[in-house]
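So you can see what is in the structure, the chains are spelled out below.
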Amino acid sequence: MKVWNGKSVYNGIVMGPAVVWKKQDCQVTCTKITDPEAEVSRVETAIAQSKAQLLELYEKALAEVGESDAMIFMVHQMMLEDQMYLDSVYNLIRAEQVNAEYAVSVTGESLAEMFASMDDEYMSARAADMKDVSDRLVRNLVGYESSDLKQMEPSIIIADDLTPSETVQMDKSKVLAFVTVHGSSNSHTAILARTMNIPALVGVPLELDEIENGIVVIVDGYNGTMTMEPSEELIAATEKKIDEDCNKKKLLQDLKGKDNVTLDGVHIDIFANIGDTSDVDQVLEYDAGGIGLFRSEFLYLGRDTFPSEEEQFEAYKKVLQAMGDKKVIIRTLDIGADKRADYFGLEKEENPALGYRAIRICLKQPDIFCTQLRALFRAAVYGNLSIMYPMITSTDEVEQIYQIVEEVKEELTKEDLLFKIPEQGIMIETPAAVMISDELAEMVDFFSIGTNDLTQYTLAIDRQNPKLDEFYDPHHKAILRMLKMVVDNAHKAGKWVGICGELAADLSMTKTFVRMGVDELSVAPSMVLNVRKNVREMTAGC
Ligand code: PEP
Ligand code: MG
């Protein structure tokens, strides 16, 4: 039996087989070789192997999703036959005497950069394809097998680190828990674990090579431990703990259908945060009053191309219809920082959290924004939609947004399409937005406070950096004063205000928030009933 300690980002306890998650990209190093022709012939073999895989993917996609989506695998096969690409790889091997993996990787990167810098939208989107093709070739050269969850029974995923785009691609029904060596408890991967309602540990000092796939492990989110090959006694104790957990959850079930009202009659809305249309089942299961944050950017992750207007429209419509007359707040695209998709062609930045992200991308690349707004406005007809804009720092940004909204409205009217302009709010997650919240409140229908980023920007602490977890303090007086200021400014202008950052689910804060006058708390679906319990057991005293 071997035990490791880590930082728990979500409570719960599970036992199951371990699966070591392999990264899709593998690290390539440059080595000098003496036989270039042998390297050229390795590339030729890897190309044949890649083409066979792509043909298989094409046939599978053709049967499952149709010709137009399957075509991309044909395009990738054609890229592998491109003489300019092949010549660059072979020339590099022969001229520089370097290994095949390195030559393929460097050529892929420089061609991807060349595509990304082209003005033509179609050509710049090929940058991601180029990267995909060369990554496949490298994986085949290295003999790398990536993890495939489809084939496995529900398992505990153990990884060095996980990006949000890796996490969204996983089949949730196959994941019992996450354990990572790196990663911060404030990252989006941790947030996704909470939404998925599964235990998760970060900062566990594991040697991944020591973990055998299939070996039984216990992940205990209550005490932050992972145990490999547990003893009979621990297995029995764990089974008991799992039962107790189940019973506690059953007790909370009695709160379903009850109001979120304090002993002295103050009501607060308790909504849920989601990242995927499939999370709606949990929202309904835990009886949330609505969806307070649908992170729409997750629709853009784990894929190779932008989701089309139709695809987005169907996704939003599905959520709205499932929620009936309950409010659904969809946040417009908040891509960038840790949420990255190659096809956006975003450049590497020194400080991505302070960089080109969220509303900044939408205002600079209005085509992307307009497509999403069109889909949202059309979907609004099917339910009770509100939308909100992330990372706002100025009134000028809100004015620019409204101008784009007007243009989209005119377009849709001209095209005679059915649509509705929903309630429009903003996220308050920068200190700048807090300080001008009196002015912003006059311009919008509501505020939703993003305490995750607000803490990061106010305390100057990178939420992604696990070394700083102990300094990342959303209870800091500065944050609490900011929350009060935002609530008061919203109410002065007659607007409602919610909190959708992770702090909303902090049960030690429920009383403070209700007493402050917060109108809505939006939390992971599985936390809705816990917060309701707290509200029903307190007095607001106002
Ligand atoms: C926040 O910053 O608090 C928030 C809700 O947005 P995200 O965590 O997606 O950045
Ligand atoms: Mg945020």
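So, here is what we can say about the structure in this document. Bear in mind that the values here come from a model prediction, so they are computed numbers and not experimental data.

Burial along strand β15 (residues 496-499) is two-sided: the residues Trp496 and Gly498 and Val497 and Ile499 are all buried. For strand β14 (residues 446-449) and β15, the ladder comprises 4 bridges, and the chain directions are parallel. Opposite Phe446, over in β15, you have Trp496 as the bridge partner. Once the chain exits β15 it traverses helix α18 (residues 510-516) before rejoining the sheet at strand β16 (residues 520-523), and the crossover so formed is right-handed.

Another aspect to go through is the site of ligand 1. Taken together, 16 residues are adjacent to ligand 1, and His188, Arg295, Arg331, Gly450 and Asn452 come closest. A distance of 2.7 Å separates an oxygen atom of ligand 1 from a polar backbone atom of Asn452. If you list the elements that add at least two residues to the shell around ligand 1, you get α7 (188-196), β10 (290-295) and α16 (451-459). Considering each element in turn, the shell around ligand 1 owes the most residues, 3 residues, to α16.

This structure, assessed with the given rule, holds 28 salt bridges. Across the pair Lys409 and Glu406 runs a salt bridge, and its minimum N-O distance is 3.7 Å. Here Lys409 pairs with Glu406, and both are found in helix α13 (residues 395-414), just 3 residues apart, close to one helical turn. Looking at Lys409, the relative accessible area reads 32%, which means it is partly exposed. For Glu406, a relative accessible area of 38% puts it in the partly exposed group. Shared partners join several salt bridges into a network, and the residues in it are Glu297, Arg331, Asp334, Lys339, Arg357, Asp453 and Arg463.

Before going further, it helps to examine the coordination of the magnesium ion (ligand 2). At 2.0 to 2.1 Å from the magnesium ion (ligand 2) lie its protein donor atoms, namely Glu429 (OE) and Asp453 (OD). Of this pair, Glu429 sits in the loop between β13 (423-428) and α14 (431-435) while Asp453 sits in helix α16, and the two are 24 residues apart along the sequence. Judged on exposure class, the residue Glu429 and its partner Asp453 are both buried.

Moving on to the sheet that holds strand β9 (residues 269-274). Strands sit in the order β9-β10-β11-β12-β13-β14-β15-β16 around a closed barrel of 8 strands; the barrel is parallel. For this sheet, the mean angle separating the axes of adjacent strands, direction not counted, is 25°. For β10 and strand β11 (residues 327-331), the ladder comprises 4 bridges, and the chain directions are parallel. Bridge pairing links Ile291 to Val328 in β11. Packed onto the sheet, helix α17 (residues 477-492) meets β13, β14 and β15 and runs at close to 155° relative to β15.

A word on unusual backbone geometry. Most peptide bonds take the trans form, and the phi angle of most residues other than glycine is negative. Positive phi, close to 45°, is recorded for Glu229, a residue that is not glycine. Along the chain, the position of Glu229 falls in the loop between β8 (225-228) and α8 (232-253). Accessibility expressed as a relative area gives 48% for Glu229, which makes it partly exposed. Although it is not a glycine, Asp287 sits at a positive phi angle of roughly 60°.

Counting buried positions over the 8 residues of strand β3 (residues 13-20) gives 7, a clear majority of the element. Both β3 and strand β7 (residues 216-220) contribute to a ladder of 5 bridges, which runs antiparallel. The partner of Met15 across the bridge, within β7, is Ile218. Relative to strand β4 (residues 155-159), β3 is paired through 3 bridges, and the arrangement is parallel. When the sheet's bridge partners are listed, Val19 is paired in β4 with Ile157.

How each quantity is defined
- Residues numbered from 1 in each chain as written.
- Chains lettered and ligands numbered in written order.
- Predicted model: local features only at pLDDT ≥ 70, side-chain atom pairs only at ≥ 80, totals over all residues.
- Heavy atoms only, no water.
- Buried < 20%, exposed > 50% of the residue type's maximum accessible area, 1.4 Å probe, protein only.
- Helix = DSSP H or I, 4+ residues; strand = E, 2+ residues; numbered from the N terminus.
- Pairing = 2+ DSSP bridges.
- Right-handed = clockwise from strand over helix to strand, strands pointing away.
- Near = heavy atom within 4 Å.
- Polar contact = N/O pair within 3.5 Å; in protein donor to acceptor, adjacent residues only side chain to side chain.
- Salt bridge = Lys/Arg side-chain N within 4 Å of Asp/Glu carboxyl O.
- Donors = N, O, S within 2.8 Å, 3.2 Å for Na, K, Ca; no water.
- Axes fitted to C-alpha atoms, helices over the stretch in contact; angles between N-to-C directions.
- Contact = heavy atoms within 4.5 Å.

That is the geometry; function is a separate question.
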